[in-house]
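Each chain, letter by letter, is given below.
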Amino acid sequence: MRTRPVTRVLQYVAVLGYLVFLAFPLLWLISSSLKSPREFAAISPTLLPKNVDFSNYTNALEEQGLVRSLGNSLQISILTTILVLIVALPVSYALARFRSRLRPITNGWILVSQVFPVILIVIPLFMILRPLHLTNTIPGVVLVYLVWSLPFALWMLQGYVAAVPRELEEAAAVDGASRIRTIIAIVMPLLRPGLIATAMFTFISAWNEFFFALVLLQDPELKTLPLVLARFVGAEGQVQFGPLAAASVLATVPSLVFFAFLQRRLTSGLLSGAVKG
């Protein structure tokens, strides 16, 4: 009995240490964005800035076209997330519910497709998209991100669909509900945590993607956020640490807002499923 309070304290200490471990890079990034160039050149760096300097944010916003690229990344990430969910939901339902000889082959191909290095497929993709006039366009990038994110999204959602009891669908069929109505009215509400988890993965994957955007987008007006962040590194490897840190902080805000919004929906979905069960 005496060891239980000690165990609980150790658990809290472990959780606190883990939170500090996760939060330290973000705190260091925010602190770096508020430092002056003189502090970056100091021999002994400090965690907190001695003099708060907001000029890094001004340089990032005015000189590098950060706002325009942020809008491009936001548009591409949201469109990719919506399309992936629209395509992945019915396909994952079919893979989980309908038995066929092609199912093991399909699941195997889904896993194998994640093994290919990006550099091996980017040139064939470019050769396919160029005759279709989809290079240097946002729809072309969204299409590539859709194809790239779909296999893992199918693998995730398939497990969530398989966890939904078949008895619920059979009861709905007895009551006269069609297959589509059963999916919309019964399966989808129970899949809310899976859909939100898939949306989170797809959004952050499209938000941080660099290589496809580098090859497919040449117009400066269409550059995404990772491409603009790379411009803070000079041709000779000289990094503008202050503006880069400020731009990275600004780039993190939309994803944090997106995750905070979906996190609330994820929690409510889990609680709703617990009450209904």
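Above: the structure in question.
Notes on the structure follow.

Conventions used here
Residues numbered from 1 in each chain as written. Predicted model: local features only at pLDDT ≥ 70, side-chain atom pairs only at ≥ 80, totals over all residues. Heavy atoms only, no water. Helix = DSSP H or I, 4+ residues; strand = E, 2+ residues; numbered from the N terminus. Axes fitted to C-alpha atoms, helices over the stretch in contact; angles between N-to-C directions. Parallel < 35°, antiparallel > 145°, perpendicular 65-115°, else oblique. Left-handed = near helix turned anticlockwise from the far one by under 90°. Contact = heavy atoms within 4.5 Å. Nonpolar A, V, L, I, M, F, W, Y, C, P; charged D, E, K, R; others polar. Expected span 1.5 Å × (residues − 1). Buried < 20%, exposed > 50% of the residue type's maximum accessible area, 1.4 Å probe, protein only. Arc of directions from axis to C-beta. Polar contact = N/O pair within 3.5 Å; in protein donor to acceptor, adjacent residues only side chain to side chain.

## Remarks on the environment of P117
Working step 1: With respect to the secondary-structure elements, P117 resides in the loop between α5 (102-113) and α6 (118-129).
Working step 2: Each C-alpha atom, one on P117 and one on T106, is 20 Å from the other, the two residues being 11 residues apart in sequence.

## Side note on the packing of α6 against helix α7 (residues 138-163)
Working step 1: Close contact between α6 and α7 brings their axes to 12 Å; oriented N to C, the two are set at 135°. Considered as vectors, α6 and α7 are oriented oblique to each other. As α6 packs across α7, the resulting crossing turns out to be right-handed. Contacts between α6 and α7 involve V118, I121, L125 and L129 on the former and, on the latter, G140, L143, V144 and W148.
Working step 2: Looking at the contact of α6 with α7, its residues break down into 7 nonpolar, 1 polar and no charged.

## Focus on α5
Working step 1: Taking 1.5 Å as the rise per residue, α5 with 12 residues should run 16 Å; its terminal C-alpha atoms sit 16 Å apart, in good agreement.
Working step 2: Every buried residue of α5 is listed here: R103, N107, I110 and S113. Taken end-on, α5 shows its buried residues confined to a sector of 130°, consistent with a single buried face. Those residues of α5 that are exposed and aimed more than 90 degrees away from the buried face are P104, I105 and W109.
Working step 3: Next to the buried residues of α5 lie α4 (66-97) and α7.

## Observations regarding the side chain of S32
Working step 1: Structurally, S32 can be placed in helix α1 (residues 3-33).
Working step 2: By relative accessible area, which is 7% here, S32 ends up buried.
Working step 3: A polar contact of 2.8 Å, which involves the side chain of S32, links it to the backbone oxygen of W28.

## Re the environment of I78
Working step 1: Within the element layout of this structure, I78 appears in helix α4.
Working step 2: Taking relative accessible area as the criterion, I78 reaches 37% and is therefore assigned partly exposed.

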